[in-house]
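Letter by letter, the chains look like this.
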Number of protein chains: 2
Amino acid sequence: MYRTHTCGELNLAKKGTKVTLSGWVHRSRDLGGMTFIDLRDRYGLTQLVFNMDTNAELCKQARSLGREFVIQVTGIVTERSNKNLKISTGEIEIIVDELTILSSSVTPPFTLEEKSDGGDDLRMKYRYLDLRREVVRKNLELRHRMAMETRNYLSSLNFLEIETPVLVNSTPEGARDFVVPSRMNPGEFYALPQSPQTLKQLLMVAGMDRYFQIVKCFRDEDLRADRQPEFTQIDCEMAFVDRDDILDTFAGLISHLFKSVKGVDFEQNIPRMTFNEAMERYGCDKPDIRFGMEISDMTELVKGKSFVVFDSADYIGGICASGCAEYTRKQTDELTAFVQKPQIGAKGLIYAKVNADGSIKSSVDKFYSEEDLKKWAELLQAKAGDMIFVMAGPKKQTLNALNELRLEMGNRLGLRDKNIFRPLWVIDFPLLEWDEESKRFYAMHHPFTSPMDEDMEYFTTDPGKVRAKAYDMVINGVEVGGGSIRIHNSDVQKLMFKNLGMGEEEVKRKFSFIMDAFRYGAPPHGGIAFGFDRLAAMFAGLDSIRDVIAFPKNNAGKDVMLDTPGPISQEQLDELQIKTIKKQA
Amino acid sequence: MYRTHTCGELNLAKKGTKVTLSGWVHRSRDLGGMTFIDLRDRYGLTQLVFNMDTNAELCKQARSLGREFVIQVTGIVTERSNKNLKISTGEIEIIVDELTILSSSVTPPFTLEEKSDGGDDLRMKYRYLDLRREVVRKNLELRHRMAMETRNYLSSLNFLEIETPVLVNSTPEGARDFVVPSRMNPGEFYALPQSPQTLKQLLMVAGMDRYFQIVKCFRDEDLRADRQPEFTQIDCEMAFVDRDDILDTFAGLISHLFKSVKGVDFEQNIPRMTFNEAMERYGCDKPDIRFGMEISDMTELVKGKSFVVFDSADYIGGICASGCAEYTRKQTDELTAFVQKPQIGAKGLIYAKVNADGSIKSSVDKFYSEEDLKKWAELLQAKAGDMIFVMAGPKKQTLNALNELRLEMGNRLGLRDKNIFRPLWVIDFPLLEWDEESKRFYAMHHPFTSPMDEDMEYFTTDPGKVRAKAYDMVINGVEVGGGSIRIHNSDVQKLMFKNLGMGEEEVKRKFSFIMDAFRYGAPPHGGIAFGFDRLAAMFAGLDSIRDVIAFPKNNAGKDVMLDTPGPISQEQLDELQIKTIKKQA
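Residues numbered from 1 in each chain as written. Chains lettered and ligands numbered in written order. Predicted model: local features only at pLDDT ≥ 70, side-chain atom pairs only at ≥ 80, totals over all residues. Heavy atoms only, no water.

**Student:** Outline the overall build of chain A, supporting the account with residue identities and numerical values.
**Tutor:** Check the secondary structure of chain A and you find 16 helices and 23 strands. Taking all 585 residues of chain A together, 56% fall into the buried category. A separation threshold of at least 6 residues defines the contact pool for chain A, and within that pool the share at least 24 residues apart is 66%. Counting only carbon and sulfur atoms, one obtains 47% of the accessible surface of chain A, whose full area is about 24700 Å². (Helix = DSSP H or I, 4+ residues; strand = E, 2+ residues; numbered from the N terminus. Buried < 20%, exposed > 50% of the residue type's maximum accessible area, 1.4 Å probe, protein only. Contact = heavy atoms within 4.5 Å. Areas by Shrake-Rupley, 256 points an atom, 1.4 Å probe, with all protein chains shown as cover.)

**Student:** So what's going on with the pattern of salt bridges? Residues and values would help.
**Tutor:** According to the stated counting rule, one finds 116 salt bridges over all chains in the structure shown. Between E79 of chain A and K15 of chain A there is a salt bridge; the shortest N-O distance is 3.0 Å. Taken together, the positions of E79 of chain A in strand 4 (residues 70-79) and K15 of chain A in the segment before strand 1 (18-31) put the pair 64 residues apart, joining distant regions of the chain. According to the relative accessible area criterion, K15 of chain A is partly exposed, its value standing at 49%. The shortest N-O distance in the salt bridge between E408 of chain B and R412 of chain B comes to 2.8 Å. (Salt bridge = Lys/Arg side-chain N within 4 Å of Asp/Glu carboxyl O.)

**Student:** I'd like a rundown of the sheet that holds strand 4 of chain A, residues and numbers included.
**Tutor:** The strands that make up a sheet are held in pairs by hydrogen bonds between backbone atoms, and each pair lies either parallel or antiparallel. Residue and element names in this part refer to chain A. Read around the barrel, five strands follow the order 1-2-3-5-4 and close on themselves; strand pairing throughout is mixed. Across this sheet, the average inter-strand angle for adjacent strands is 55°, counted without regard to direction. Examined bridge by bridge, strand 3 (residues 44-51) and strand 5 (residues 92-103) share two bridges and lie parallel to one another. Among the inter-strand pairings, V49 is bridged to a residue of strand 5, identified as I95. (Pairing = 2+ DSSP bridges. Axes fitted to C-alpha atoms, helices over the stretch in contact; angles between N-to-C directions.)

**Student:** Before we move on, can you summarise the pairing of strand 19 (residues 440-443) of chain B with the specific residues and values?
**Tutor:** Residue and element names in this part refer to chain B. On strand 19, burial follows the alternation: F441 and A443 on one face are buried, whereas R440 and Y442 on the facing-out side are not. As defined by bridge partners, strand 18 (residues 432-435) adjoins strand 19 across four bridges and the pair is classed as antiparallel. Its bridge partner being in strand 19, W434 is matched across the sheet by F441. Hairpin remark: strand 18 followed by strand 19, antiparallel, with four residues in the connecting loop; positive phi at K439, about 50°.

**Student:** Account for the interface of chain A and chain B, naming residues and giving values.
**Tutor:** It is common to report an interface's size as the accessible area lost on association of the parts. Listed per partner, the contact involves 121 residues of chain A and 121 residues of chain B. Here chain A meets chain B over a buried area of about 10900 Å², counting both sides, of which 59% is carbon and sulfur. The largest per-residue losses of area from chain A upon contact with chain B belong to E163, F240 and Y520 of chain A, which jointly make up 8% of the total buried on that side. The tally of links between chain A and chain B comes to twelve salt bridges. A salt bridge links R176 of chain A to E575 of chain B; its shortest N-O distance comes to 3.1 Å. The interface formed by chain A and chain B contains 66 residue pairs in polar contact (both at pLDDT 80 or more). Here the element with the most residues in the side of chain A that touches chain B is helix 4 (residues 134-156) of chain A; it accounts for nine residues. (Buried area = accessible area lost by both parts, 1.4 Å probe. Polar contact = N/O pair within 3.5 Å; in protein donor to acceptor, adjacent residues only side chain to side chain.)

**Student:** So what's going on with the pairing of strand 10 (residues 230-239) of chain A? Residues and values would help.
**Tutor:** Residues and elements named next belong to chain A. With ten of ten residues buried, strand 10 is to be regarded as a mostly interior element. Of the two faces of strand 10, both are covered, the one formed by E230, T232, I234, C236 and M238 as well as the one formed by F231, Q233, D235, E237 and A239. The pairing of strand 9 (residues 210-218) with strand 10 spans nine bridges and is classified as antiparallel. The residue bridging Y211 from the neighbouring strand is E237, located in strand 10. With seven bridges joining them, strand 10 and strand 22 (residues 525-531) adopt antiparallel strand pairing. Each residue of the ladder has a partner; that of M238, found in strand 22, is G526.

**Student:** How would you explain the state of the cysteines if you had to name every residue and give the values?
**Tutor:** Residue and element names in this part refer to chain A. Summed over the entire model, instances satisfying the criterion amount to zero disulfides over all chains. C7 takes part in no disulfide bond, and the closest cysteine sulfur, belonging to C59, lies 19 Å away. Assessed through its relative accessible area of 1%, C7 is described here as buried. With no disulfide of its own, C320 lies closest to C324 among cysteine sulfurs, the gap being 8.5 Å. Residue C320 is classed as buried on the basis of its relative accessible area of 12%. (Disulfide = S-S within 2.5 Å.)

**Student:** Which residues make up the packing of aromatic side chains, and what are the values?
**Tutor:** Taken as a whole and judged by the stated rule, the model has 42 aromatic pairs over all chains. Ring geometry for F448 of chain A versus F511 of chain A: centroids 5.6 Å apart, planes at 80°, classification edge-to-face. Highlighted residues: F448 of chain A in the loop between strand 19 (440-443) and strand 20 (470-475) and F511 of chain A in helix 14 (residues 504-517), separated in sequence by 63 residues. A residue is classified by how much of its surface remains accessible, and F448 of chain A, at 3% relative accessible area, is buried. When the ring of F258 of chain B is compared with that of F421 of chain B, the centres are 4.9 Å apart and the planes differ by 50°; the resulting orientation is tilted. (Phe/Tyr/Trp six-rings, centres within 6.5 Å; stacked < 30°, edge-to-face > 60°.)

**Student:** Break down helix 5 (residues 197-205) of chain B for me, with residues and values.
**Tutor:** A large share of helix 5 of chain B lies buried, amounting to nine of its nine residues. Regarding helix 5 of chain B, the residues found buried are Q197, T198, L199, K200, Q201, L202, L203, M204 and V205 of chain B. Elements that come into contact with the buried residues of helix 5 of chain B comprise strand 1 and helix 3 (127-130) of chain A together with strand 9 (210-218), strand 10 (230-239), helix 14 (504-517) and strand 22 (525-531) of chain B. Just downstream of helix 5 of chain B lies G207 of chain B, where phi reads positive at about 80°.

**Student:** Can you lay out the relation of the copies chain A and chain B for me, pointing to particular residues and giving the numbers?
**Tutor:** Rotating chain A by 180° and translating it 0.0 Å along the rotation axis places it on chain B, where the RMSD comes to 0.1 Å. Read as a symmetry element, the transformation amounts to a two-fold axis. Both copies present the same face, since 100% of the interface residues in chain A are matched by interface residues at the equivalent positions in chain B. (Least-squares fit on C-alpha atoms with pLDDT ≥ 70 in both.)

**Student:** Break down the packing of helix 4 (residues 134-156) of chain B against helix 15 (residues 532-540) of chain B for me, with residues and values.
**Tutor:** Residue and element names in this part refer to chain B. Packing of helix 4 against helix 15 brings their axes to within 10 Å, and their N-to-C directions diverge by 120°. Of the possible angle classes, the one that applies to helix 4 and helix 15 is oblique. Considering only the axes of helix 4 and helix 15, their crossing is right-handed. Here N139, L142, R143, M146 and A147 of helix 4 come into contact with helix 15, specifically with F532, D533, L535, A536, F539 and A540. Class assignment for the residues of the contact of helix 4 with helix 15 results in eight nonpolar, one polar and two charged. (Parallel < 35°, antiparallel > 145°, perpendicular 65-115°, else oblique. Left-handed = near helix turned anticlockwise from the far one by under 90°. Nonpolar A, V, L, I, M, F, W, Y, C, P; charged D, E, K, R; others polar.)

Listed below in structure tokens is the structure:
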């Protein structure tokens, strides 16, 4: 037996007990005739004591141990004179009388402390060392608890976790599939699922009633900022439900997770906001509602004063930044440069300061009188000391720029507290999005999303006008989940495919299995999927999903520890009856 | 709202209540002026009543409904005159006053009853209909419960479920990897894991202490009898443990599963048997210990009586089949033909019947006297009425034939009751297996398995003699899990690779990440993996794993419902920079 206790459980109640511990040498220090070692395992740290006076041999051996050696010790639990009340084992130490080296260690390439001196690449190459750091390990523990709570909660509501296959067929549109050549069927390929969408719908047709799965999904696309080629979803589907049944059920799940894992209680029901309202008030479909600073439409108010920028604009909107009237020229210039970045693309930024005495000073005083500006302040509810920012241009683009500016101001003003969580349902999305380039509609969610009943009249005549029974859950400006009520009627599904520009042949080839299934009594159904990596990162207070994944890949889709992807042998290629070719330059 | 209750929950306590139900038309019958419909959902059946006298319109509509139509009804819960006490809803029926057709259905291609008239291929093509059958659905419900109990049990013991990547690197030996071309890294491939073996070992090096995962694994090999290209493991690993810690922990898991899911209580600890003992007593390394009929080594006893078959044989063994003395010539001929099948390959079968009067009649009376045969009976503890079967030949092959015969006799005599479960640990496996053809050793479990300390002296001198710290869990003759204590020292690991005939270059290329990891303080560790599909099939009383998998593939590795694998577009091939080639005939 390697241990009687872990390094995280001993305290004064065990004083005088003989114990055996195993773990890693975390830190070690020699003080006069004594050597102290902090022994570490997943559960904590325990101080070991070696005394040159009483056991010189053993103490010398202890002094030879390097960082990260794995050792086993036996000794007596003793009260510490110099207590450390920050850790649960801080009142005791072990007076060691036996020491065994289980495994030695060369010096780690970076320090295994809360703040490591290792860069990202080095940490990923030695991920097994990086994971020894408490901050990283705690993320995986959190993720485990979240998965357990999710499963137990959904199971208690009669959801069944059902494993869907990983080797499936290539799917319709959107990002690219990973494919897998079949040795038994040369020239043929499986695909890895981007989501189990059609399979979970088939499970509803199969009468499984309530399905969930915490499941890996795959996307072979360029990895922007914070994406992974393989990612994990909490994937759910329910039969005999309408939208509100789904929203209620999964508001329940999310509330339960926050309560049970983070101790956060939502005081009220999760609010709902239509897509249109979100766009008007926040300039985006995933508003961060931890703070106000909502967008006001100033178009009517500001036109007709000979200011050509406004007079010629499709839309003029503004936000009010509380307490920012004292911003310097340097600060406003910075913000102007911020909104003019190519990713945002605003032409410029106009401001109006409400001074302490109530007077208003703007960057467009030439065109607007104090009287005019008072009306701005009134519309935006700006008080003395506030700053109004105004932008003008094409509506969609200007709303987007106002959204970016609002979030930036939220950051600057410390209004986006990571310990406050404000979930929101965004509902009533458009069903289709028109793509100018390819001159066709794309499904805003996916092609199985049901149109809203009240908009069905436009489904054949003016599809762009149709709203969908779709919904996203947004927390703190991050889309953590989304879903829809699905089409469960093959005629409606056929029309949907037609609206997406798919011919009958293509539909038959790609979707005959689900069109067939709808002919045998499909129940009304709908579902949702949550990005589990994203949700875990949010719970951990992290911006990146990478540190809630045990072995993540880098931006080039590579695992630098495993050194994959890599070449395979000619023998393997021959077996699969494929060959690799160099792209023509 | 589509329903106030499910079809499985109403009873007399709800008598008089107005309810709304939704579900499938399971059966329907017209009796005089009444129509009765059994409405079905996942939770049960509820009888609906329509009356021609009170509502002719509605009753006519009900009569037009076909099998598998999806309907919604509203009505009053009423006491049934003709109660069906076999189902929980059998005391009530619903007098319907509103009926809505949610979805119609064409006639299913096979009957959705306990015994279906659909063949395997048809059932798989319409798996979403097959899953509506209660017998199939119950398997998935069972599987869900088993997964939940596994997770909660292991989590309560401080195991963390940690997701390991699906896109990994190609692994060492054994069955073939599926590979995945990377679009971002042309000419390079990921592989799908045959198991997360090395990754879970890295998690131990990372100090995660106790890991588990219910995880998909992949193997691109010819699908014998009951294999799937993707299958699910309960994969586990622990640090600072020796073999007995692992056996105790996972005996606990298996006992918990049997108790909580099937209500089966093992009266005693799970017994242990060495590989050598299993081979001697049962002729195989996964003995079915639900019944005795153990093999007796008769080699010494029967030689020297001028029977050349025995005198020239390496090994002679026998079993005693209780109560089979009355077997006819036809029956013994059948058994002889059975052991002579090419898969078993015995030369012949010798028998000796112990008659009611104690006299013994054998097929080799020419060579053996009554006195001789009495000694046989004594050795095999054969009583009056029993039959002794004897085979001779090379030891390994003969033991195997005796094992097959024993299992066959167990089946014939009804000794292999599916409702009795007898788990067993088989331990002390050989570390290596010699392959005559390639003149090299192969790892019996895998190359990371630790040799037994007491056999280390042979590790370099006579590797074939070394036993491993490996163990299998066998239940009713089926290997449901297996694992080992791992090597955690890079020098020992190097020797192991050398014994497997791998050069330094190859080791470096394939395993540098784990050899590296061992240099930074690797704890002693070990683990186990259970075949979850197999375990679920055993719990469900099924011989095939297929019916505990929602969407299984057939023996050609095809999913006939999704019609995969299949060709992919030239565009996709170009993106991946690969092409398919026809094998030279």
